[in-house]
Amino acid sequence: MPVISKTSKFSLLEMKQHHNLHMFLSIAIAVGLFTVLVSSLTYLKQPAGFTLNGQWEILHNGKQQTVAIPYYQPIGEEGVYTYRKQFGFVEADTLVISDLSAYGYQISLNGTMIKKLNDEETKTANIWNRTLMVVFDSALLKNQNSLEIQIYTVSDHGINTLPYLAYQKDVLDRVAISHYLENDVYLFSIGASVTLAFVLFALGLGIPEKKGFHYSFALGMVFVGVYLLDYPYRIYSGNPTVFLIFKKIIFSSLYFSGLMLLQGVEYYLYGKKRFSKGFRWIVGIIIGTFIFLPDFNIVRNFNGMALFVLFTMVLFATVQIYLKRDSAFIFAATILALCAINDMLKVIFALNFIYMIRFGIIITVLSIGFLLVEFFRNTYGSLMIANGKAMRDPLTGAFNRNVLEKIQPGTSDILVLLDFDDFKMINDIYGHAEGDWVLTTFTQKALELLRVEDMLIRIGGDEFLIVMKNCSETTAIARVEKIRQMMTQTVERYDFSFSYGHCSLQNGMTDAFSTSDERLYRMKNARKQKDCSLEQKGEGD
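Below, the structure is looked at part by part. Keep in mind that this is a model prediction, so the values were computed, not measured. (Residues numbered from 1 in each chain as written. Predicted model: local features only at pLDDT ≥ 70, side-chain atom pairs only at ≥ 80, totals over all residues. Heavy atoms only, no water.)

## Focus: the sheet that holds strand E4 (residues 71-74)
The strand order across the open sheet built from three strands is E4-E12-E7, with neighbouring strands paired in antiparallel fashion. Strands at the two margins of the open sheet, each flanked by one partner only, are E4 and strand E7 (100-101). (Pairing = 2+ DSSP bridges. Helix = DSSP H or I, 4+ residues; strand = E, 2+ residues; numbered from the N terminus.)

Structure representation (structure tokens):
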């Protein structure tokens, strides 16, 4: 049975504590961000001027009813509904209305039309997610005033937040921020989704063993991008037939994206599909139903019921991430789950909450983008480490011959080829440990004298190659001789020396290597002849 040391136990404990801390911080930041986002959106929709609260009248087909704003009514049919509000004297030049449930409208103040979008025949605008800022002539206001908002609808009508009157200069910043969150952020997210989809498809092709995860999320990003087209402001979405087809595609994309999210999470956590197997049949039935439904109101009502399937898929994905304690997705999963719960409560209890699932989807897209960046950073780091190990001699730390093909020689560079003298004798007499010490000591001394841009390469045994960048031959020789001097002073047990040859790299690596090799052996032979002469002279004496 393997024995785990106390140090290893402490290390494992520290890793577990660090993982738990990371999980806790991710969840805390997700909850904090969700709270700030909801609070900010709620604040932006609060009246910042003279509030048109109290009783409003609604007129339709000669009938009249009195309601309080916020008010929303699904009707399941086309129609024109006129909201009327009487109010007293106020100083203002701007009307602000958020979350108007309509597909076209006409706004009149004291009988004068101040804003109109479409009519009864072209009521396919996408304005439900838009804060309307209507600027008018302040001279239109009187002591007693009447505001009429005529809503053109195909399925529902309502004013979901309190309208108010103010001066444009006082509300312009607030409305501009609202427009950014209601429109621009979706355009950015659509672009990010499509870009991430291409990246994920490419990763699926490049990393076959992870293709299930990459392809699932790639398809999910495509469908997310399509679904988010339902949020930006549009003055017209085509004739009724085109509008119906567009809405079917939008709603279908929402369920496809949820299925692909669940499937991608399961591939990531388990390497296979689990619950997504069953959900794909349910989603298939939902999409098939959308295709054959003949009327937008029926499509819309069916979508309201089918949303529970989407919420369930989101929660299944979140629960699996929590059970696996996966820190990579815990932040996005928490945000998405909170948004799904918020919207589920809104649908079930008809609460006046802000729909948040769209922001959960956006944050999920951005989180996946950050995860990809982190993946590439870690992969690059691993490759750099592996590449560094592949390029380095494990004994000396100098480069090895694998780096030769990476060298890009300059015409002013110098190549030096160097070989130890009688290195075999050092190993035979003093042992291989001594030989290793000589090799590592030489490398250390050489690197001390060489510059950062120079390269020291061990090409085999006791043979080294030095590339000196932007260096003259005189300077190169001086540096090599300095290395020899330092080694002679360091090695005291015996006479240490080496031979070398040098050449300019102006004619390329092959030519320089050949010339240096010839000069090296010329120097080595000269030293051997000199040693022989000294021995013969000693014998003669």
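## Considering helix H4 (residues 240-270)
The terminal C-alpha atoms of H4, which comprises 31 residues, lie 45 Å apart, in line with the 45 Å expected from a rise of 1.5 Å per residue. Regarding H4, its N-cap is Asn 239, as a side-chain oxygen of that residue lies 3.1 Å from the backbone nitrogen of Thr 241 further along. Gly 271, located one to two residues past H4, shows a positive phi value of around 75 degrees. (Expected span 1.5 Å × (residues − 1). Polar contact = N/O pair within 3.5 Å; in protein donor to acceptor, adjacent residues only side chain to side chain.)

## Structural notes on the packing of aromatic side chains
Tallied over the full model, the rule gives 30 aromatic pairs. With centroids separated by 6.2 Å and ring planes inclined at 85 degrees, the aromatic side chains of Tyr 103 and Phe 296 adopt a geometry described as edge-to-face. One end of the pair, Tyr 103, is in the loop between E7 and strand E8 (105-109); the other, Phe 296, is in helix H6 (residues 296-324), and 193 residues separate them in sequence. The exposure classification of Tyr 103 matches that of Phe 296, with both residues buried. Aromatic side chains Phe 420 and Phe 496 sit 5.0 Å apart centroid to centroid with 80 degrees between the ring planes, which places their arrangement in the edge-to-face category. Of the two residues, Phe 420 is situated in strand E15 (residues 414-420) and Phe 496 in the loop between helix H11 (473-490) and strand E18 (498-504); the sequence distance between them amounts to 76 residues. (Phe/Tyr/Trp six-rings, centres within 6.5 Å; stacked < 30°, edge-to-face > 60°. Buried < 20%, exposed > 50% of the residue type's maximum accessible area, 1.4 Å probe, protein only.)

## Here we look at the side chain of Asn 297
Mapped onto the secondary structure, Asn 297 falls in helix H6. For Asn 297, a relative accessible area of 7% puts it in the buried group. Within the structure, the side chain of Asn 297 is placed 3.0 Å from the backbone oxygen of Val 154, a separation counted as a polar contact.

## Observations regarding a positive patch on the surface
Taken together, the side chains of Lys 272, Arg 274, Lys 277, Arg 280 and Lys 324 present a region of like positive charge at the surface. Note that Lys 324 resides in helix H6. Taking relative accessible area as the criterion, Lys 324 reaches 42% and is therefore assigned partly exposed. (Patch = residues over 30% accessible without salt bridge, like charges linked within 9 Å, V, L, I, M, F, W, Y side chains within 5 Å. Areas by Shrake-Rupley, 256 points an atom, 1.4 Å probe, with all protein chains shown as cover. Salt bridge = Lys/Arg side-chain N within 4 Å of Asp/Glu carboxyl O. Lys, Arg positive; Asp, Glu negative; His and termini not counted. Charge placed at Lys NZ, Arg CZ, Asp CG, Glu CD.)

## Some details on unusual backbone geometry
Ile 69 connects to Pro 70 through a cis peptide bond whose omega is 10 degrees. Along the polypeptide, Pro 70 turns up in the loop between strand E3 (63-68) and E4. Even without being a glycine, Asn 61 presents a positive backbone phi close to 50 degrees. Mapped onto the elements of the fold, Asn 61 is located in the loop between strand E2 (55-60) and E3. A positive phi is found at Asn 470, a non-glycine position, where the angle reads about 45 degrees. Counting through the fold element by element, Asn 470 comes out in the loop between strand E17 (463-468) and H11.

## Some remarks on the side chain of Asp 454
Tracing the chain through its elements places Asp 454 in the loop between helix H10 (432-449) and strand E16 (455-460). Side chain to side chain, Asp 454 and Arg 451 meet in a polar contact 2.9 Å long. Discounting residues that sit within four places of it in the chain, Asp 454 has contacts with Val 467, Met 468, Lys 469 and Arg 479. (Contact = heavy atoms within 4.5 Å.)

## Points about the pairing of E8
Of all five residues making up E8, five are buried, and the element is well covered by its neighbours. Neither face of E8 is exposed, since Tyr 105, Ile 107 and Leu 109 on one face and Gln 106 and Ser 108 on the opposite face are all buried. Sheet topology note: the E8/strand E11 (residues 145-153) ladder contains five bridges and is antiparallel. Along E11, the bridge assignment pairs Ser 108 with Glu 148. Bridge count for E8 against strand E9 (residues 112-117) is five bridges, and the pairing is antiparallel.

## Looking at the pattern of salt bridges
In a structure, side chains of opposite charge can pair up when their charged atoms sit close to one another. Evaluated as defined, the whole model comprises 19 salt bridges. We note a salt bridge from Asp 170 to Lys 169, for which the minimum N-O separation is 3.3 Å. Counted as one network, the salt bridges with shared partners bring together Asp 419, Asp 421, Lys 524 and Arg 527.

## So, a nonpolar patch on the surface
Residues Phe 308, Ile 341, Leu 345, Ile 348 and Phe 349 make up a contiguous nonpolar surface patch of roughly 440 Å² in combined accessible area. No other element matches the four residues that helix H7 (residues 330-349) contributes to the nonpolar patch. As for its placement among the helices and strands, Ile 348 is situated in helix H7.

## Focus on the packing of helix H3 (residues 211-227) against H4
Relative placement of two packed helices is described by the angle separating their axes and the distance separating the axes. Contact geometry of H3 with H4 gives a least axis separation of 7 Å together with a crossing angle of 155 degrees. Taken together, the axes of H3 and H4 lie roughly antiparallel to each other. Our pair here, H3 against H4, has a crossing hand that is left-handed. Taken together, the residues of the contact of H3 with H4 break down into 16 nonpolar, seven polar and no charged. (Axes fitted to C-alpha atoms, helices over the stretch in contact; angles between N-to-C directions. Parallel < 35°, antiparallel > 145°, perpendicular 65-115°, else oblique. Left-handed = near helix turned anticlockwise from the far one by under 90°. Nonpolar A, V, L, I, M, F, W, Y, C, P; charged D, E, K, R; others polar.)

## Some points on the state of the cysteines
Counted under the stated rule, the structure contains zero disulfides. In this model Cys 471 remains outside any disulfide bridge; the closest cysteine sulfur is found in Cys 503, 13 Å from its own. A relative accessible area of 9% places Cys 471 in the buried class. (Disulfide = S-S within 2.5 Å.)

## Concerning the sheet that holds strand E5 (residues 79-87)
Read across the open sheet, the six strands follow the order E3-E2-E5-E11-E8-E9; overall the sheet is antiparallel. Sheet topology places E3 and E9 at the edges, where each strand pairs with a single neighbour. Here the strands of the sheet are splayed against their neighbours by 20 degrees on average, with no regard to which way each runs.

## A word on the environment of Ser 26
Its place among the elements puts Ser 26 in helix H1 (residues 6-44). For Ser 26, a relative accessible area of 10% corresponds to the buried category. In sequence terms Ser 26 and Ser 472 are 446 residues apart; their C-alpha atoms lie 58 Å from each other. Ser 26 has contacts with Ile 330 and Phe 331, leaving out every residue within four places of it along the chain.

## Some points on the pairing of E3
The sheet contact formed by E2 and E3 spans six bridges and is antiparallel. The residue of E3 that forms the bridge with Leu 59 is Gln 64. Between E2 and E3, which pair antiparallel in sequence order, lie two residues; one of them, Asn 61, sits at a positive phi of approximately 50 degrees.

By themselves, these figures tell us nothing about what the structure is for.
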